[in-house]
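# A look at the structure
If you want the building blocks of each chain, they are given just below.
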Amino acid sequence: MLNYKKVNNLTGWLVFLVATLVYVLTVEQTASFWDPGEFIAVAYKLQVPHPPGAPFFLLIYRMFGFLAFGDGLQVAYWMNIGSALFSGFTILFLFWSITLLGRKLFQMKNGQETKGHTITVLGAGIIGSLVYTFSDSFWFSAVEAEVYAMSSFFTAIVIWALLKWDVIEDPREENRWMIFIAYLVGLSIGVHLLNLVALPALALIYYFKKYPNPNLKGGIIAMALGGAALIIINNIIIPGLPSLAGSMEIFFVNSIGLPFGSGIIVFSALFLGSLILGILYSIKKQKVILNTILLSLTFILIGYGSYALIVIRANQDPVINENAPKDIISYISYLKREQYGYRPLLHGQYFTADLVEQTEGAPVYLKGKDKYEIVDYNLVNKYDPNKTTILPRIYSTQERHKQIYRSKLGLSEGQEPTFGDNLYFMFSHQLGHMYWRYFMWNFSGRESDFSDAPWLGIADAFSDKFPDYIKENKAHNNYLMLPLILGIIGLFFQAKYDPRSFYVTLMLFLMMGVILVLYLNSPPVEPRERDYIYVGSFYAFAIWVGLGVMALAHLIGKLNKNLAVAGVIATLVSFPVPVLMAQQNWNDHNRQGRYFSVDSARNFLASCAPNAILFTGGDNDTFPLWYVQEVEGFRTDVRVIVLSYFDTDWYVGQMTRKVNESEAIPFSLEYKNYKKGTNDVLYVMEREGLEAISAKEYLKLIKNESDLLKLSSSNRTSINMVPARNLILDVDTQKVFNDGLIPEGMEDLMVNQINMRVKGSYMTKGSLMLVDLITTNNWERPIYFNNTSLATIGLDLEDYVVMEGLTYRLLPVRKPQEARTELVNTDLAYKNIMEDFAFRGMDNPNNYFDDEYRRFVSNHRSAINSVAIALLDEGDMEKAAGILKHGLTVMPDKAIAYDLANGQSVPLLFEVGEDDLALDIVEKISVKSVQMLDFYIRTGRDFDREAMISMEMLRYFVPLLEERGYTELSAQLKKDLERFLGPDGGMNMNRR
C-alpha cells in the first residue's frame, strides 16, 4: 500500500524541481524592461523604490545578489534566479493545495488512503500545478526580478497553510498555525499588497470548519469578517497606525512644544503597552480567541516591521530615494501612494462633468526647523452633481482618456454618457478587455504579443484567417481551450461533491480577479498589458484544472470499476495539456540571449559627454539607466533626471547633492522657492506690451518672492505667475565658441539668445527648475534630453538641440526652418552608433523580442535614419551608406521585423545606391502591411495604430518606387492599396 504522505511530499518536490528547472533555463540574464531595473538597483544597495515600497523583497533579493560574488554583471541574473526559485515554491504549494482539496473531495482519512484515491489526487496535483507552471502570465513574472513572483509565493503558502490548518484537529496546533499564517501575511505586506485580497475567501475555511451546519447568512458574515480583516490590515494597520502616530507627533511638537519624535515615542509606548497588556489579560483570563487574535496581530506587525528599512535607508540619502520618506509625515504619504492620485470607486463623476468647486481639505505638513509647517492644503474637487453616478467607471477627465471613452462608447463630441454607457465600459473594457481577455490568454490561447491582442479558441487553431506575420509571432499560442475545458470540468465537479471547498475556491477566483478589477477601476488605457496583476485568480482556476483530472478519473472509474487504473488513465489523458502549453509558450517565455534592455540604456548613456545631465521621460526610460549605473557601474558621471519627478521638492533637493561621480546640479533658487506647496504651478498671465522677459531676471523675482508675480488664490497659499510666455536666455557666444561647444559646421547657426518658450497655459515646478538649471549652468555641464523627455517638457526647446546618437544636447544653435531633420553632430553621432553602441543578440532570430524591445529598436533605427540624413546633407555618401547598412546588420528583419523607421530609410538607401536593400525592405513591409489590412477588413477588426501605419507605408512607397523607376512594383502596391481605399481616398472601413 502506498504511503500517501511520503508519496505526496516526494511528488510535490518533483514538481517543484521541474518548475524551477524550467524557470532557471528560461530566466532573463540581465535586468528586464520596466520595474526590474529599478528593483535590482535598489535591492543591490538597499535603496528606496517607488511607493509603497517592498522592503522585505529588497532584503531577500539583496541576498540573492550576494551570489554574484561582487561581479556587478551577474547581480541581475542571480536576482532573477530568486524569482525562478520563489515561483518554483509557488508551484510546490499549489500542488499540495490541490492534493489537500482532493483529499477533502474524496473524504480521505489519514492512514486510510486507497491506491486509487492516492493516484488520482496526485495526478490532479501534477496536472493542475504544471498547467499553472506553463501559464502565460505566471511564467512571465517567474523569470524576472519583480515583486510578483515572491508575492505569488506568499499567496500560495498562505492558501496552503489555511488548507493545512483545516485538517488539524488539535486546537493548540490550530492556533499555532493561525499565528504562523498571520506572520506570513505580515511579511507579505513587505512584498506586495495583492496577497491581502485573498483574506475574505480564506475566512470561509475558518467558518466551514468551526460551524458544522453552515448557511448562507453565516457564509456572508464570514466573508464580511474576512473583508473586515482585509480593511483592518490594508487601511488601518498599514497606513492607519503611522497616520495616527503622525497626528500625535504633530500635536506633541506643534501644540505642546516637545522635540521631534516625542509624539511617535509616546504613541509607540501606548500602542505596544496596550497590546502587551491585552495579551497578558487574555492569558490570565484564559480567553483563547482573544489571545489568538492579539498574537496574530502581533505577528502581522512583526512581519510589517520590515518597513522600518524604508525610513532607515531614506535617512541615509541613497542615490535612489523615491519620495525621500525620512520622517513620519513623508512616510505616511509614501505608504498611501498619494503621488498616484485618486480613483473613485462607489460614487464619482462622469468624464464630462465640470469642476464646479475646489475646497480646502486636510492641511499638508512638512517638517520645518522647529515644528511641522503647513505648506499646502489637499484640495477637494466637487463636480457637477448632475453628472455623477454610483460605481463610476468612466471617470477620468484627462483629454486623452475622454477621447478614448467616446471612441469605445460611440459617443459624439458633446454627447453625454449614460449609466448604461458606464456599465457597458465596465463589462466590455474593464472586465472583458482587461480581465477575461487575460484569463483566456492563460487557459485558451493568445493571438500575438501585439498591443491589445485577443485570445484564441479551438476554431482558431484550424482557421486559415491568420496572416503569416501573426502565425510567425512567437507569442501566437493556442492551447485548443484544453486547460479551460479541464478547469470548467473541475469547477462543476468540486461544486457537486465538495460545495464548501468550491465556495472557497470560487471566492479566491473572484476576489483576485473580478473584484480586484472593480477595485482598481482602471483608466481606459494603460502603458502596458496588466495581466500579471491577476495571477492570483489564474492560480485559483489552476486548482479547478487539477480537480478536472479527478472528475475524469471519477467518470472512468464508474466505467471500469477500478479507480487506480482510472486515475492513471485520467492523468495520462490530461498530461498533454501542460505539455502543449509548454510547447506553445516556450519560445516567447525563454529570455535567454536578451540584453537589449541593458544595452539600450548603455547606448543612451554612451551618447552623452562626460559629466552630463540627462533628462528622461518616465519609468521605462529611466529604470534600465538606474540599473546600469548603480549595479554595473557604467557612466556614473552622468546625472539622470526623471522629468516626471522633477516637479517634487524631494527630488530637486536630491539633485543638489553629489552622487557617485556626478557633481551637484547648479540651481540659483533655494529650498524655500521649490518646497512642497510653493511654485507647484505658475500660470502664464501675459502682460500687455511684454513680449518676453529675461530668464535670469525672472528667476531673481521668484527667488526674492516678489509681489510683482503674485496671483490671488482661493486657498491660503499664494501662487506665482509667468508674466511673459517667452523666457530669454542671453548667451555669451564668444565664451561658448572658445570652449569648443559648437559642433564643426554649425558656427553659422549659433545664436546669442535662446527663447525658452512656455508651452500651454502654465508652467510646473519642474519646468521652473529646468529654466533655473539651464540658466545657472551657463553651458558648464552638457545638458541632454532623450526623445520622450524632449517631447514632454513644458518648454519649447526642440530648435536648440543637437542629436549626438540617442540623445539631444542643448546648445546655443538654432535649427534652420528648411532643415529636413533635427540638427545632428554627425561626427560624434556616427562614432557613438558605430563604435560605442551595443546590440548583443539583436541579430539572433531565435531570441524573443517583445513589444518593449520593438519600441526601443525603433528608436535606434530612427536615430540611424537621422544621422544618415545629416550625412547626406553634408555630402558624405560613404558614411551614410555605412551607418544605414550597419543598422540592418545589427537589427535585421529576420530577428526583429522591419518597422516604420525602416520604411522611412528606403529613400535614404536609394539615395546611397543601395537599391537592393531598399527593395528588400519595401517587399517585407508591404507584404506584412497588405496582410494586416486584408486581415483587419476580413475579420471586421477596428483599425488600430499599426493598421494606420501600414496604410501610410503603402501610400509612401507607391510614388517613391515610381520615381525611382520601379513602375511594376509601384503599380502592384497601388493596386493593393486601392482595395483598402474608399471612393474618397479614405480608408475603406466597411469592406468585409
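Everything below is about the structure shown above.
Residues numbered from 1 in each chain as written. Predicted model: local features only at pLDDT ≥ 70, side-chain atom pairs only at ≥ 80, totals over all residues. Heavy atoms only, no water.

### What to know about helix α37 (residues 900-911)
Heads up, the condition is: Only protein chains enter the accessibility calculation, which uses a 1.4 Å probe. A residue is then buried if its area is under 20% of the maximum for its type, exposed if over 50%, and partly exposed in between. To qualify as a helix, a DSSP run of H or I must reach at least 4 residues; to qualify as a strand, a run of E must reach at least 2; elements of each kind are numbered from the N terminus. Between two residues, a contact is recorded if the distance between any of their heavy atoms is within 4.5 Å. Pairing of N or O atoms within 3.5 Å defines a polar contact, subject to two protein rules: one partner must be a possible hydrogen donor and the other a possible acceptor, and residues neighboring in sequence count only if both atoms are side-chain atoms.
All of the buried residues along α37 are Ala-901, Asn-902, Gly-903, Ser-905, Val-906, Leu-908, Leu-909 and Phe-910. In this structure, the buried side of α37 is in contact with α35 (851-873), α36 (877-890), α38 (915-939) and α39 (945-963). The N-cap residue of α37 is Asp-899: its side-chain oxygen and the backbone nitrogen of Ala-901 are 3.1 Å apart. Positive backbone phi, approximately 85°, marks Gly-913, located one or two places after α37.

### As for the sheet that holds strand β14 (residues 753-758)
Formally: Here, any two strands with at least 2 DSSP bridges between them count as paired. For helices, the fitted line uses only the C-alpha atoms of the stretch in contact; every axis is such a line through C-alpha atoms, and the angle between N-to-C directions lies from 0 to 180 degrees.
Strand order in this open sheet of 4 strands is β10-β13-β14-β17, and the pairing throughout is mixed. Each having just a single partner strand, β10 (692-694) and β17 (795-796) make up the two edges of the open sheet. Here 3 bridges tie β10 to strand β13 (residues 726-730), and the two strands are oriented parallel to one another. Residue Ser-694 lies in a different strand from β13, and its bridge partner there is Ile-728. Here helix α30 (residues 695-703) sits on the sheet in contact with β10, β13 and β14, set at roughly 75° to β10.

### Remarks on the sheet that holds strand β16 (residues 783-785)
Ordered in space as β8-β7-β16-β19-β18-β20, the 6 strands form an open sheet in which the pairing is mixed. Taken across any chain shown, the strands that pair with only one partner, and hence form the sheet edges, are β8 (639-642) and β20 (823-824). Taken strand by strand, helix α32 (residues 765-777) contacts β7 (613-616), β8, β16 and β19 (808-810), and its axis lies near 145° from that of β16.

### What to know about the side chain of Asp-850
Here Asp-850 shows up in the loop between α34 (826-836) and α35. Classification of Asp-850 as buried rests on a relative accessible area of 14%.

### Describing the pattern of salt bridges
For clarity, the cut-off: Each reported salt bridge corresponds to a side-chain nitrogen of Lys or Arg within 4 Å of a carboxyl oxygen of Asp or Glu.
Enumeration over the complete set of coordinates arrives at 49 salt bridges. Among the ionic pairs, Glu-144 bridges to Arg-591, the shortest N-O distance being 2.7 Å. Residue Glu-144 is located in the loop between α6 (136-142) and α7 (147-166), and its partner Arg-591 is located in the loop between α25 (576-589) and α26 (596-606); the two are separated by 447 residues in the primary sequence. Each member of the pair, Glu-144 as well as Arg-591, carries the same accessibility label: buried. The residue Asp-934 makes a salt bridge to Arg-938 at a minimum N-O spacing of 3.0 Å.

### Observations regarding the packing of helix α1 (residues 4-26) against helix α5 (residues 115-133)
Our working definition: We call two directions roughly parallel when the angle between them is under 35 degrees, roughly antiparallel when it is over 145, roughly perpendicular when it lies between 65 and 115, and oblique otherwise. What makes a crossing left-handed is the near helix being turned counterclockwise from the far one by less than a right angle; a clockwise turn instead makes it right-handed.
It is the contact of α1 with α5, at a shortest axis distance of 11 Å, that shows an interaxial angle of 15°. One finds that α1 runs roughly parallel with respect to α5. Remark: the crossing between α1 and α5 carries right-handed chirality. Of the residues in α5, those touching α1 at Tyr-4, Val-7, Asn-8, Thr-11, Val-15, Val-18, Ala-19 and Tyr-23 are Thr-118, Val-121, Leu-122, Ile-126, Ser-129, Leu-130, Tyr-132 and Thr-133.

It is worth stressing that arrangement in space is one thing and function is another; only the former is reported here.
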